[in-house]
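# Observations on the three-dimensional arrangement
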Amino acid sequence: MNINSRKLKSVLPFLAIVLVFIFFKILQPDRFGTANSMSILIQQALMQSILGCGLYFLNEMGIFDMTLGANMIISAMVGCRLSEVCGWPGLILGGIVTGVIIAIIGSLFMTRLPINPMIISVGLIIIYEAVSTMMTQGAYALQVADVYRAFGKAPWNIIISLAVLILSSILARYTKFGLYVNAIGSNAGIAKGMGINVLKYKSYAFIFAGACAGVSGIVNICYSNSMGAASGLSSASTIFTPLMACMFGSAYKKFMNPILALLIGNLFMDMIANGLLTNGLESSLQNVFIGIMLLVLVHSSGNARKYDVSK
């Protein structure tokens, strides 16, 4: 691939966002693209990217952990309950530690049992959603005190999201962990033959994903002021947009930092969803579009992974 072609592909995601913005702005000049709506859209994309960062390293190794949505819900609820007793430390440490513990439980099952991780995920989701229902104690949702809502509002939600994105960018591009994740994702057998402890690095990826789920839960409950229980595998739907952003990052990781591509993917998806909403498109049709985009990105991500080379 020549330099000009590489440069063109590196700017395509940015160009796509600009074109989508212009398209919907022409259709709805008064409703789409206002300063307030764009501020909310950017904040939502950043907050979704926290969960996306956790999913990215698992996704790169071929592990589709669908429990992160339920993990996020339970972590937020535990943090909320502990904040009533321990204040800020209870909210922050309670959420993050819970996320890590739940991720470790998932890791023990998914990396050590000869069962498809997706099947294990479904079983764990059913259990976690039942736990979330019990934690509400019959109420519709748990509400966090107003004093803690600062984490869910600008600038703190932006600062926290950017901190997770920067840390993930460093891990993905400049550490042995990121290199080994690529190697394991390319061919776990060869990676093991090269002396890489595949099980250990998969466990590290789960722990990082759990921490991200905990942080995401804290930010989200502070943003919306409440966190409701999940049932019927509904928690799995919370990871669809971050998962698509991960695949976007995988598809473009040869042209830019994959975490930057992940953020762009989240912003692209949210902008399209917002544009469709302002044009009165029914939610069912929005889901059709999301499904199509997921299939396209799975194909693109798969093609990108086929040519991965770890040195």
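Structural data are supplied above this passage.
In this report, we go over the structure that sits alongside the text. (Residues numbered from 1 in each chain as written. Predicted model: local features only at pLDDT ≥ 70, side-chain atom pairs only at ≥ 80, totals over all residues. Heavy atoms only, no water.)

### Examining the overall build of the protein
For the protein, the helix and strand inventory stands at 12 helices and 2 strands. Going from N to C terminus, the protein has its helices and strands arranged as α-α-α-α-α-β-α-α-α-α-β-α-α-α. Within the protein, the proportion of its 311 residues that are buried is 49%. Long-range pairs, those at least 24 residues apart, make up 82% of the contacts in the protein with a sequence separation of at least 6. In the form shown here, the protein has an accessible surface area of approximately 14,700 Å², with 68% of it arising from carbon and sulfur atoms. (Helix = DSSP H or I, 4+ residues; strand = E, 2+ residues; numbered from the N terminus. Buried < 20%, exposed > 50% of the residue type's maximum accessible area, 1.4 Å probe, protein only. Contact = heavy atoms within 4.5 Å. Areas by Shrake-Rupley, 256 points an atom, 1.4 Å probe, with all protein chains shown as cover.)

### Thoughts on the state of the cysteines
Tallied over the full model, the rule gives 0 disulfides. Here C80 is not cross-linked by a disulfide; its sulfur's nearest cysteine counterpart is in C222, at 8.7 Å. (Disulfide = S-S within 2.5 Å.)

### A short note on the pattern of salt bridges
Applying the stated criterion across every chain, the model contains 1 salt bridge. Here E60 makes a salt bridge to K253, at a shortest N to O gap of 2.5 Å. In this pair, E60 is assigned in helix α2 (residues 35-60) and K253 in the loop between α10 (240-251) and α11 (258-278), connecting sequence segments 193 residues apart. Comparing E60 with K253, the two get one shared label, buried. (Salt bridge = Lys/Arg side-chain N within 4 Å of Asp/Glu carboxyl O.)

### Things to note about unusual backbone geometry
Note that the residue after A154, namely P155, is joined by a cis bond; omega there is 5 degrees. Mapped onto the elements of the fold, P155 is located in the loop between β1 (141-143) and α6 (156-174). In the Ramachandran plot, L233 falls in the positive-phi region, its phi being about 65 degrees despite a non-glycine side chain. Along the chain, L233 turns up in the loop between β2 (226-228) and α10.

### Details of the packing of aromatic side chains
Enumeration according to the criterion identifies 13 aromatic pairs in this entry. Aromatic pair F57 and F177: ring centres 5.1 Å apart, planes at 50 degrees, arrangement tilted. Taken together, the positions of F57 in helix α2 and F177 in helix α7 (residues 176-186) put the pair 120 residues apart, joining distant regions of the chain. In this pair, the class of F57 matches that of F177, namely buried. Site record: aromatic cluster; members linked through ring pairs are Y56, F57, F177, Y180, Y201, Y204 and F208. (Phe/Tyr/Trp six-rings, centres within 6.5 Å; stacked < 30°, edge-to-face > 60°.)

### Thoughts on helix α3 (residues 68-86)
For α3, built from 19 residues, the straight-helix expectation of 27 Å at 1.5 Å per residue is met to within 8% by its first-to-last C-alpha distance of 25 Å. A positive backbone phi angle near 70 degrees is found at G87, which sits one or two residues after α3. (Expected span 1.5 Å × (residues − 1).)

### Quick notes on the packing of α2 against α11
In contact at an axis separation of 8 Å, α2 and α11 are set at 135 degrees when each is read in the N-to-C sense. Relative to α11, the element α2 is oriented oblique. Viewed along their axes, α2 and α11 form a crossing whose handedness is right-handed. On the side of α2, the interface is formed by M38, L41, I42, Q44, A45, L46, Q48, S49, G52, C53 and Y56, while α11 contributes P258, I259, L262, L263, N266, L267, D270, M271 and N274. (Axes fitted to C-alpha atoms, helices over the stretch in contact; angles between N-to-C directions. Parallel < 35°, antiparallel > 145°, perpendicular 65-115°, else oblique. Left-handed = near helix turned anticlockwise from the far one by under 90°.)

### Here we look at the environment of A273
With respect to the helices, strands and loops of the structure, A273 is situated in helix α11. Residue classification places A273 among the partly exposed residues on the basis of a relative accessible area of 29%. For A273 and F289, which are 16 residues apart along the polypeptide, the C-alpha to C-alpha distance reads 9.0 Å.

### Things to note about a nonpolar patch on the surface
A cluster of nonpolar residues, L93, V97, I101, I104, I105, L108, F109, L113, I115, I119, Y204 and I207, forms a patch on the protein surface that exposes about 1,000 Å² of accessible area. Every element with two or more residues in the nonpolar patch is listed here: α4 (88-110) and α9 (198-224). Counting through the fold element by element, I105 comes out in helix α4. (Patch = residues over 30% accessible without salt bridge, like charges linked within 9 Å, V, L, I, M, F, W, Y side chains within 5 Å.)

### Some words on the side chain of N257
With respect to the helices and strands, N257 occurs in the loop between α10 and α11. Look at N257 and you get buried, because its relative accessible area is 16%. The residues touching N257, leaving out its near neighbours within four places in the chain, are S169 and R173.

### So, the packing of α3 against α4
Where α3 contacts α4, the two axes come as close as 7 Å, and the packing angle between them is 150 degrees. Taken as axis vectors, α3 and α4 run roughly antiparallel relative to one another. Crossing of α3 over α4 shows right-handed handedness. Residues N71, I74, S75, V78, G79, C80, L82, S83 and C86 of α3 form the contact with α4, whose participating residues are W88, P89, G90, L91, G94, G95, T98, G99, I102 and A103. In terms of residue class, the contact of α3 with α4 is made up of 10 nonpolar, 9 polar and no charged. (Nonpolar A, V, L, I, M, F, W, Y, C, P; charged D, E, K, R; others polar.)

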